[in-house]
2 protein chains.
Amino acid sequence: MAEHRLPGDIERSSMQIIRQEIAGLGVTLKEENAPVILRVIHATADFAYLETLTFSPKAAALASEALTKGTPIVTDTNMALSGVSRPGLKKLGGEAFCFMADPAVAEKAKRDGTTRAVAAMRHAAETLPGAILAVGNAPTALFQIAEEIEAGLRPALVVAVPVGFVNVVESKERIVSVCRKHNVPVIAAMGRKGGSSVAAAILNALIYSAADLLDPAARGWN
Amino acid sequence: MAEHRLPGDIERSSMQIIRQEIAGLGVTLKEENAPVILRVIHATADFAYLETLTFSPKAAALASEALTKGTPIVTDTNMALSGVSRPGLKKLGGEAFCFMADPAVAEKAKRDGTTRAVAAMRHAAETLPGAILAVGNAPTALFQIAEEIEAGLRPALVVAVPVGFVNVVESKERIVSVCRKHNVPVIAAMGRKGGSSVAAAILNALIYSAADLLDPAARGWN
């Protein structure tokens, strides 16, 4: 019965279907970005990301390389954090964090009269300055990262995929422009769409690519 | 500055924009389903859900009513669980669970030669038979719930929103048909789209509606 196929089989079939449908749309993916794009479409069943996902030069390769060296990941929501492949990251010697529920961060937000999302990203900038910063929810977190980059922060990568209707489009345009100016790698989903699932999908694609770099013999179909 | 608006303000503006754009599309929402539909579009920025979200008669009202009585929620992924409003649920005296990472469930899956998703839903059926069951990821979990319903299980609601390309469409059609046959409330996103964010958005809309039922004076804009 169909429902008794193994998860690995199903994932492989899914990726084949996605590749076929992309080809059917007449789109050719840039091979270095393909793992990220495929995994986002796998997580959303939304081919609109073919048009909206944007990569600074070599962003995916640089981020995968950084992950092989144990670069930590910071997400803006616990939901995105929950979606990150812990076993995958652990094999790389890396770790993922979200500071949204950190009581010290909540306290700081209150004291500074700002949101927890902003305070959490300030905290990340202070404590893990070379991390991969992933935003799937709060445009304010993205504006904060942009400010920090202007002030000298150099994250290994910014994943800029908040979802929504207010300030979201603007926050992505701002971070992409600031990252370009300061030569910081960025992967963004332009427009309104995105979310914690999209952030997690991008991070997992990079984690799996990093694992392939460390152990090319185990290289999968991804 | 735009980035300094409070999260509550931004959410209110977002919902207004979504309502306006839905009206602009010439669509009139059934008022009882509106909170769920609006929150899913808020979480995805994807108006395709206007066409795909399906509700059995009074599903949202019945589920909100159940939540006011402390009915527990079971999700198929920790990611969906992370997205559920814990403070909201706590006010209702409810609790949310995911059994995917439960070592006993992993053991059972191995013993029974099945997936953890299936074993986790079996475990939910055994231990929390009247719960709200939410599936944002694994079609196998949905097939399992359909089997359990055929065998007599009566969940308070099934949220059927897995995302993907293999077995996903079929799993939703099956659960909707089984739920209809046995008079079990169901909310489904037909087609390929869905995901943990969508599951969490639906659950949160129901949680907020339940809070409104308990305290109409505090009724929000939702």
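Draft legend 1. Spatial organisation of the relation of the copies chain B and chain A. Turning chain B through 180° and shifting it by 0.0 Å along the axis lays it on chain A, with an RMSD of 0.0 Å. Classification of the inter-copy transformation places it as that of a two-fold axis. Identified as the residue of chain B closest to the rotation axis by C-alpha distance is M79 of chain B, at 2.7 Å. A shared binding surface is used by both copies, with 100% of the interface residues of chain B retained as interface residues in chain A.

Draft legend 2. Region of interest: unusual backbone geometry. A positive phi angle is found at N183 of chain A, which is not glycine, with a value near 65°. A positive phi angle is found at K58 of chain B, which is not glycine, with a value near 60°. Secondary-structure assignment places K58 of chain B in the loop between β1 (53-55) and α4 (59-68). With a relative accessible area of 56%, K58 of chain B lands in the exposed category.

Draft legend 3. Expanded view of the interface of chain B and chain A. Contact with chain B, which involves 36 residues of that partner, is made by 36 residues of chain A. At the boundary of chain B with chain A, total buried surface from both sides reaches about 2,900 Å², with 66% on carbon and sulfur atoms. The salt bridge partner of E21 of chain B is R192 of chain A, with a shortest N-O separation of 2.5 Å. Summed over the shared surface of chain B and chain A, the number is four residue pairs in polar contact (both at pLDDT 80 or more). Sorting the residues of the side of chain B that touches chain A by element identifies α1 (7-24), α2 (34-44), α5 (78-83), α9 (139-150) and α11 (196-214) of chain B as the ones contributing at least two each. Tallied by class, the residues present in the side of chain B that touches chain A amount to 16 nonpolar, 14 polar and six charged.

Draft legend 4. Local environment of the sheet that holds strand β6 (residues 186-189) of chain B. Residue and element names in this part refer to chain B. The sheet built from six strands is open, its strands ordered β1-β6-β5-β4-β2-β3 with mixed pairing. Edge strands, defined here as strands with exactly one partner in the open sheet, are β1 and β3 (96-98). With direction set aside, neighbouring strand axes in the sheet form an average angle of 15°. Across the sheet, helix α8 (residues 116-127) is in contact with β2 (73-75) and β4 (132-135); its angle to β4 comes to roughly 170°.

Draft legend 5. Molecular detail of the pattern of salt bridges. Residue and element names in this part refer to chain A. All chains considered together, the criterion is met by 20 salt bridges over all chains. A salt bridge links D112 to R122; the shortest N-O distance between them is 3.3 Å. With a gap of ten residues between them, D112 in helix α7 (residues 103-112) and R122 in helix α8 (residues 116-127) connect regions that are remote in the sequence. Taking the relative accessible area as the measure of exposure, R122 reaches 26% and is therefore partly exposed.

Draft legend 6. Main features of the pairing of β4 of chain B. Residues and elements named next belong to chain B. Alternating residues of β4 divide into I132 and A134 and L133 and V135, and every residue in both groups is buried. As defined by bridge partners, β2 adjoins β4 across three bridges and the pair is classed as parallel. Considered in β4, the bridge of T75 is made with A134. With four bridges joining them, β4 and strand β5 (residues 157-160) adopt parallel strand pairing. Across the sheet, L133 pairs through a bridge with V158, a residue of β5. The parallel pair β4 and β5, bridged by α9, forms a crossover whose chirality is right-handed.

Draft legend 7. Region of interest: the packing of α9 of chain B against helix α10 (residues 168-182) of chain B. Residue and element names in this part refer to chain B. Two elements in contact, α9 and α10, have axes whose closest approach is 9 Å; the angle formed by their N-to-C orientations is 20°. In terms of orientation, α9 and α10 fall into the roughly parallel class. Every pair of crossing elements has a handedness; the one defined by α9 and α10 is left-handed. Residues P139, L142, F143, I145, A146, I149 and E150 of α9 form the contact with α10, whose own contacting residues are V168, E170, S171, K172, R174, I175, V178, C179, K181 and H182. In terms of residue class, the contact of α9 with α10 is made up of ten nonpolar, two polar and five charged.

Draft legend 8. Broad picture of the packing of α4 of chain B against α11 of chain B. All names here are of chain B. Interaxial distance between α4 and α11 falls to 8 Å at its minimum, and their mutual angle equals 65°. When the axis of α4 is compared with that of α11, the two are roughly perpendicular. The interaxial crossing formed by α4 with α11 has right-handed handedness. On the side of α4, the interface is formed by A60, A63, S64, E65, L67 and T68, while α11 contributes L206, I207, S209, A210, L213 and L214. Looking at side-chain class alone, the contact of α4 with α11 contains eight nonpolar, three polar and one charged residues.

Conventions used here
Residues numbered from 1 in each chain as written. Chains lettered and ligands numbered in written order. Predicted model: local features only at pLDDT ≥ 70, side-chain atom pairs only at ≥ 80, totals over all residues. Heavy atoms only, no water. Least-squares fit on C-alpha atoms with pLDDT ≥ 70 in both. Contact = heavy atoms within 4.5 Å. Helix = DSSP H or I, 4+ residues; strand = E, 2+ residues; numbered from the N terminus. Buried < 20%, exposed > 50% of the residue type's maximum accessible area, 1.4 Å probe, protein only. Buried area = accessible area lost by both parts, 1.4 Å probe. Salt bridge = Lys/Arg side-chain N within 4 Å of Asp/Glu carboxyl O. Polar contact = N/O pair within 3.5 Å; in protein donor to acceptor, adjacent residues only side chain to side chain. Nonpolar A, V, L, I, M, F, W, Y, C, P; charged D, E, K, R; others polar. Pairing = 2+ DSSP bridges. Axes fitted to C-alpha atoms, helices over the stretch in contact; angles between N-to-C directions. Right-handed = clockwise from strand over helix to strand, strands pointing away. Parallel < 35°, antiparallel > 145°, perpendicular 65-115°, else oblique. Left-handed = near helix turned anticlockwise from the far one by under 90°.

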